[in-house]
Protein chains: 4
Amino acid sequence: MSKGKVCLAYSGGLDTSVILAWLLEQGYEVIAFLANIGQEEDFEAAEKKALAIGASKFVVVDVRKEFVEQICFPAIQANAVYENVYLLGTSLARPVIAEAQIKVAEENGCFAVSHGCTGKGNDQVRFELSFYALKPDVVVIAPWRDPEFFKRFAGRKDLLDYAASKNIPVAQTKAKPWSTDENLAHISFEAGILEDPNTTPPKDMWKLTVDPEDAPNTPEDFEVHFSKGIPTKLVLDGGKKVVSEPVELFLEANALARRNGVGRIDIVENRFIGIKSRGCYETPGLTVLRSAHVDLEGLTLDREVRTIRDQFVTTTYSKLLYNGMYFTPECEYVRSMIEPSQKTVNGVVRARVYKGSFTVLGRFSNTEKLYDETESSMDELTGFSPEDTSGFIAVQSIRIKKYGESAREKGNNLTL
Amino acid sequence: MSKGKVCLAYSGGLDTSVILAWLLEQGYEVIAFLANIGQEEDFEAAEKKALAIGASKFVVVDVRKEFVEQICFPAIQANAVYENVYLLGTSLARPVIAEAQIKVAEENGCFAVSHGCTGKGNDQVRFELSFYALKPDVVVIAPWRDPEFFKRFAGRKDLLDYAASKNIPVAQTKAKPWSTDENLAHISFEAGILEDPNTTPPKDMWKLTVDPEDAPNTPEDFEVHFSKGIPTKLVLDGGKKVVSEPVELFLEANALARRNGVGRIDIVENRFIGIKSRGCYETPGLTVLRSAHVDLEGLTLDREVRTIRDQFVTTTYSKLLYNGMYFTPECEYVRSMIEPSQKTVNGVVRARVYKGSFTVLGRFSNTEKLYDETESSMDELTGFSPEDTSGFIAVQSIRIKKYGESAREKGNNLTL
Amino acid sequence: MSKGKVCLAYSGGLDTSVILAWLLEQGYEVIAFLANIGQEEDFEAAEKKALAIGASKFVVVDVRKEFVEQICFPAIQANAVYENVYLLGTSLARPVIAEAQIKVAEENGCFAVSHGCTGKGNDQVRFELSFYALKPDVVVIAPWRDPEFFKRFAGRKDLLDYAASKNIPVAQTKAKPWSTDENLAHISFEAGILEDPNTTPPKDMWKLTVDPEDAPNTPEDFEVHFSKGIPTKLVLDGGKKVVSEPVELFLEANALARRNGVGRIDIVENRFIGIKSRGCYETPGLTVLRSAHVDLEGLTLDREVRTIRDQFVTTTYSKLLYNGMYFTPECEYVRSMIEPSQKTVNGVVRARVYKGSFTVLGRFSNTEKLYDETESSMDELTGFSPEDTSGFIAVQSIRIKKYGESAREKGNNLTL
Amino acid sequence: MSKGKVCLAYSGGLDTSVILAWLLEQGYEVIAFLANIGQEEDFEAAEKKALAIGASKFVVVDVRKEFVEQICFPAIQANAVYENVYLLGTSLARPVIAEAQIKVAEENGCFAVSHGCTGKGNDQVRFELSFYALKPDVVVIAPWRDPEFFKRFAGRKDLLDYAASKNIPVAQTKAKPWSTDENLAHISFEAGILEDPNTTPPKDMWKLTVDPEDAPNTPEDFEVHFSKGIPTKLVLDGGKKVVSEPVELFLEANALARRNGVGRIDIVENRFIGIKSRGCYETPGLTVLRSAHVDLEGLTLDREVRTIRDQFVTTTYSKLLYNGMYFTPECEYVRSMIEPSQKTVNGVVRARVYKGSFTVLGRFSNTEKLYDETESSMDELTGFSPEDTSGFIAVQSIRIKKYGESAREKGNNLTL
């Protein structure tokens, strides 16, 4: 008799295939779940394989639209970035996948969910915290943290032997010396030879962008239109190509950045569990859209709103995403701070990509008037009285003069 | 009889030449002061001109070393950046120049200092707040905020006419349709045709970097060594060229970035006085050194120290610099927070520049061991018990499960 | 012929009476405006006097309800406080009064507004920044910053002489050696003898609270009910007295705190213009309601939501209020962050006031269940596995052990 | 043969006595350690008992001086407070005790340390994270998280039975219906009947302060002198009693607050492990010294330094202390930010305590001159030109007028 139904996040790869077989061996009934979040994957082959191994059902859920609209676009609005560099590509996908998996689990009467994440990474935390928020009574089966499992499968050979014994077909291609995770927004490379942070990634590792040296010798110019901080139009080929449907726009931005070698990241980052780890990432479209957004905020966002958003919201939101804290009270709170910051972020950025670099060419807004050419002009005094600045400086200096006087009196000369 | 001595920041250009003559006309004795902060300038011509107009003395002070060591290097340590993009090139120079000018003023018995900054910009504020801190009783003469002056010299023609009447020689080259400010770390371009934020800067405007399209077709690789977050060695040409003296290192980084088209910025920024303004900047060497520093912190800085530094110190320090608040109690306080954050930032970054882009190739540290390959490895369990993570997740989820339960009870389904 | 209509904030006192007469003398037509924001004032006498001096109209606007509901209650929700101590009583009133004054100005066709604030205080800034936001083209006439005015009226005697010459009646009571500002939430005392920060305020200065020594010898207990962080019910006399209408509730809280000597503040604070200033305040009801609110958040607010709110919202909102920045983009932004933080702040606080002190006796919530007695209990293990904490500590210590190891290796012993 | 030496934090109470016996039973040799951190305790009786049970050694370490000087005084400098209310009394003691225990462990060749903390509280985390930082290879034995132990001792009766079987004497006094932890700065009460957050603590629970109703009917005035934010002198009895040695000063502040009923706290707080918990605390002296310190900062600390310290240092330091993160890189970093903020905090605060309340009577500084009576005075214009404020306001309003204009154009009327 079955010990109950488990919904397993199944990728078709060796690890989750072994986990599937092992769960069956433990007496569970298994519903195999696979999210289509834009990764390059043979979904049909995965289905066939899962059912062959013994899954009682295979469910693919297409979450690309939610991913772009509910997650990637708000990340652009918030200028999300982790540790100054990482655009959070993997982290962004996790809440979407977890939500879909829990839905499948509930629809299929599963008491438990399972995944193939290792016990040292961020993803286990991201998935499980989301699972517990969305279904607090769910049981999580994490084989790579279960001594019975991880002691039995101590190396790749053990997995292969087990697969052979269970007639699980294994791809003949040699395993790459790193592991990857891919979605519509990015691909990550880590582990294996990348674990030495001084090893330069081999040229053929990169997948979603061409090498800048191989990119076209002519720059490519384009426009991004934003409404309340959300990309609403991407204009290419001097206006000949215009896309505006969110997923299509995102894919087009990916293609644009990809062919021009834009969006590679190589970083040593700090995992939530306190271990440092080296990751290489390609985030082509997001890099371009986010950079354009940052630029437009210069033109259209009030200085102090920007300061508050930068210091509090961007940082906090990015850290929460990275740590898998999407479905938490604090993230709900911080998410509520994104939209109100973007009311005026309406306009167009003209930009260029070229052999790995992104450059702004210009920007304008037809609706926002915080930037005022006349006022800004050094040659104009309209509506501006230079004496006011004297008063401004005089008042600002009240406190500062006291500081200088006090330093003099105490004999501490102020210096650089 | 003289109304007293004034120390004027004199550049040799039209504006400050007219101001010099005008100050003399007002009855002041004028000491002309010029800081050598690495800008391309004909200091001898400036001296000759100042004395010809009537300055009683001309003093050049070479502040390049202080600028690099006391200001640029700490900015690298702090990853200083304003509004996500601007590396603060102009702001960095101001405290150094102001300190030198006050010193000259004091040594020459000047009761007042004067400058040619406009009444709408940041620089007037930056200079004057520094003046008042360093010498609280100083008098500041800011002609461009004095109605008597700015009404008399309402346009360029008025300046030229006055110069002619005073026999002040004016360069025959046509004035450029923008204004610039240059130092060892950067050059700025603003005003004129750049005041339309949608105007792409003309190719021939840029001065300190080649156009990425004109940069070499082969990438250039190099190493930066850091000690406590300070660049101590720059290694080029596969080890054939090594520089370590601070100013020399900085100049070499400039040359490296310049020939590879790295370090251009185009931004609409928020001035301290509340006006938005468009600026184009070239900051070649600083861009490269700062990016390498950011990368090394990934390898060598504790996660939480970095978070605190990023959220509090970087932001606050950058804003204070931008607003000209260097010589203030709060900046003294914030500056004291830089060094303690950098104790472990020791190591080497290998990087590449190519046609406008900067890429990290790898990094290592011989002294810091926060990164631990074995620990980080997904294939190793040495010193790590995966069950611990289960406990970690369980404790993290206590609060989150309550959130999920409460949402369910209240009928608010949690969703993306 | 009139130079146009001016709307003057008129209090009936000597200063604004002289200003009224002076504005008429300058050729303006004057609409006298007086906000009823709960201060103890003879509104009829003020009207008679204004009209007698020559105002063409006198308008009182009752803003007490807006003040309590739109300003005081959100301040309680945000736990607003300036420099750890000051509950912002004066600052809270300013936006309400400014909005009413601009409305009166617009309804009466005034091109300008005027006030009697001094040139060194916060209130001029608070009023004027609000005026400019609400009516950007308004002209502000600030006589105490107009050299013509302040040189003419250099001392109190000049004002009295002028009043006599204009037949303006002056109260015979001797002027108090401090100045005050009062509203429904508080009264301020500053200037005069209080300018020596070491002078203890005389017992008879205080007005809105009894001296703790004169308060009843028996404590008084009460309950405050909150819904989404807003006080909805105040229960006194062991349940015999219950008030829930906002203004009434606030007045009752005032009376309760007043008779028990609660709500006095004495502080040296930092004004927006950079001058330190000593202020004494009585904020009886707000002190009690805010303290109860802080307590209830312990029971009902998620830890991380609270941390974010405390660190970002409370601080920023309080500073913006103090600096008169209510009607600004950033304050609109920060105000939008208050309500989402208060969703779960529902419950009841039982408290006691006694001779100047406030004490919590207990608290409960019928709807929120973040506090869980069983879970919290040291004697219970239901739903909690102590081994989880071992894993939690183990993961937390990964980073910390590295720190300790590194310190040992480098020979820096960690010590207190 | 012994399994090795364990250093047990031993209090003499039932729990740690049972643990001692149990450790011996497990085959360990036990060194009993007791820190004298100012708690009321019969150290000799504890020693006798420990040795009787079988400890091979009993070590008391007097850490009162370190506690006051290295921990309590910096907490005053930083105005440390957790969740607006809790003065961190227990948290403050933990690093001191942990350091002493590790020292004893090392001196006695112990491979492990042990404690009697429960598995749900903060203290286990505070102790263990400190242990791991100070001695990364230490083994921690936490019986209350060891299933073998906590299943065997499921209730108090099991402990008593075991004690009887081991001839461990147990105090005849009935166990109080709450548990306490005491040190020089405070006592905590939690658990038992206090777990219902709506239960008012019984009058006889409180120990370190008299009930405000029982306090003297006459207020008691005193002075606290500070040097760089550290209390250096406490003056009582109108100058008749002066104490300045740190521990003595702290004890005298305790006595003063105690007899006047000052320093009680009742709070529902958020534990590090994510559970809410109710605690009652008495922190008499620290309350008084900290409040005086906050006041003096108003007079002597620059506004912006204070803002930075309040927003970043106070909050972060308090959270780190609470979470037991004292010996961490980030706490070392944050601790380095305390002293530089206190350079100018020199002066004297005159204050009053009376039946539970603390009031400032006045303050002065002989060395700091940031407060300037003339400048502050509303009646003086010396060194101040009111027109400057007009310029200040004009510049501040540039951005705000644009906001108002934009709102008007878009038809969004600005309102409260």
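Residues numbered from 1 in each chain as written. Chains lettered and ligands numbered in written order. Predicted model: local features only at pLDDT ≥ 70, side-chain atom pairs only at ≥ 80, totals over all residues. Heavy atoms only, no water.

- Under the annotation held in an unreviewed UniProt entry, chain A carries the name Argininosuccinate synthase and is attributed to Pichia sorbitophila.
- You can read under Subunit (unreviewed entry) in the UniProt record for chain A the words "Homotetramer." (UniProt positions renumbered as here; feature names shortened; annotations may be inferred.)

### Comments concerning the relation of the copies chain A and chain B
Thinking step 1. For the pair chain A and chain B, the relating rotation is 180°, the translation along its axis is 0.0 Å, and the fit reaches an RMSD of 0.0 Å. Both copies of the chain, as the preceding transformation shows, are related through a two-fold rotation axis. Relative to the rotation axis, the C-alpha of S357 of chain A is the closest in chain A, positioned 2.6 Å from it.
Thinking step 2. In this assembly the copies share their binding face: 100% of the residues contributing to the interface of chain A also contribute to that of chain B. (Least-squares fit on C-alpha atoms with pLDDT ≥ 70 in both. Contact = heavy atoms within 4.5 Å.)

### Here's the deal with the interface of chain A and chain B
Many structure descriptions define interface size as the accessible area lost when the parts assemble.
Thinking step 1. Taken together, the contact between chain A and chain B spans 119 residues of the former and 119 residues of the latter.
Thinking step 2. Here chain A packs against chain B, burying approximately 10,200 Å² in sum over the two surfaces, 57% of which is carbon and sulfur.
Thinking step 3. Linking chain A with chain B are eight salt bridges, by the criterion used here.
Thinking step 4. Across the salt bridge formed by D266 of chain B and R363 of chain A, the nearest N and O atoms sit 2.9 Å from each other.
Thinking step 5. Viewed at the interface, chain B and chain A are joined by 45 residue pairs in polar contact (both at pLDDT 80 or more).
Thinking step 6. For the side of chain A that touches chain B, the element with the highest residue contribution is helix 13 (residues 386–409) of chain A, accounting for 15 residues.
Thinking step 7. Here the residues of the side of chain A that touches chain B are counted per class, giving 48 nonpolar, 33 polar and 38 charged. (Buried area = accessible area lost by both parts, 1.4 Å probe. Salt bridge = Lys/Arg side-chain N within 4 Å of Asp/Glu carboxyl O. Polar contact = N/O pair within 3.5 Å; in protein donor to acceptor, adjacent residues only side chain to side chain. Helix = DSSP H or I, 4+ residues; strand = E, 2+ residues; numbered from the N terminus. Nonpolar A, V, L, I, M, F, W, Y, C, P; charged D, E, K, R; others polar.)

### Thoughts on the nonpolar core
Thinking step 1. Counting 415 residues, the largest nonpolar core has F67 of chain A, F67 of chain B, F67 of chain C together with F67 and F250 of chain D as its most contacted members.
Thinking step 2. When residues no more than four places from it in sequence are discounted, the contact partners of F67 of chain D are I37, C72, L92, A93, V96, N183, L184 and A185 of chain D. (Core = buried A, V, L, I, M, F, W, Y, C linked by side-chain atoms within 4.5 Å. Buried < 20%, exposed > 50% of the residue type's maximum accessible area, 1.4 Å probe, protein only.)

### Some thoughts on unusual backbone geometry
Thinking step 1. Even without being a glycine, N167 of chain B presents a positive backbone phi close to 60°.
Thinking step 2. Residue classification places N167 of chain B among the exposed positions, given a relative accessible area of 68%.
Thinking step 3. For K355 of chain C, which is not glycine, the phi dihedral falls at a positive 45°.
Thinking step 4. Residue position: K355 of chain C is located in the loop between strand 13 (347–354) and strand 14 (357–364).

### Remarks on the pairing of strand 8 (residues 220–227) of chain A
A regular strand carries its side chains on alternate faces of the sheet.
All names here are of chain A.
Thinking step 1. Direction of pairing for strand 8 relative to strand 13 (residues 347–354): antiparallel, over a ladder of seven bridges. Bridge pairing in strand 13 places E220 opposite V353.
Thinking step 2. Pairing of strand 8 with strand 9 (residues 230–236), which is carried by five bridges, proceeds in the antiparallel orientation. Directly across from F226, in strand 9, lies its bridge partner P231.
Thinking step 3. Counting the residues in the hairpin turn of strand 8 and strand 9 gives two residues, including K228, whose phi is positive at 50°. (Pairing = 2+ DSSP bridges.)

### Describing helix 13 (residues 386–410) of chain C
Thinking step 1. Counted at 1.5 Å a residue, the expected span for helix 13 of chain C with its 25 residues is 36 Å, and the 36 Å between its end C-alpha atoms agrees.
Thinking step 2. Just past helix 13 of chain C, the residue G411 of chain C takes up positive phi, approximately 75°. (Expected span 1.5 Å × (residues − 1).)

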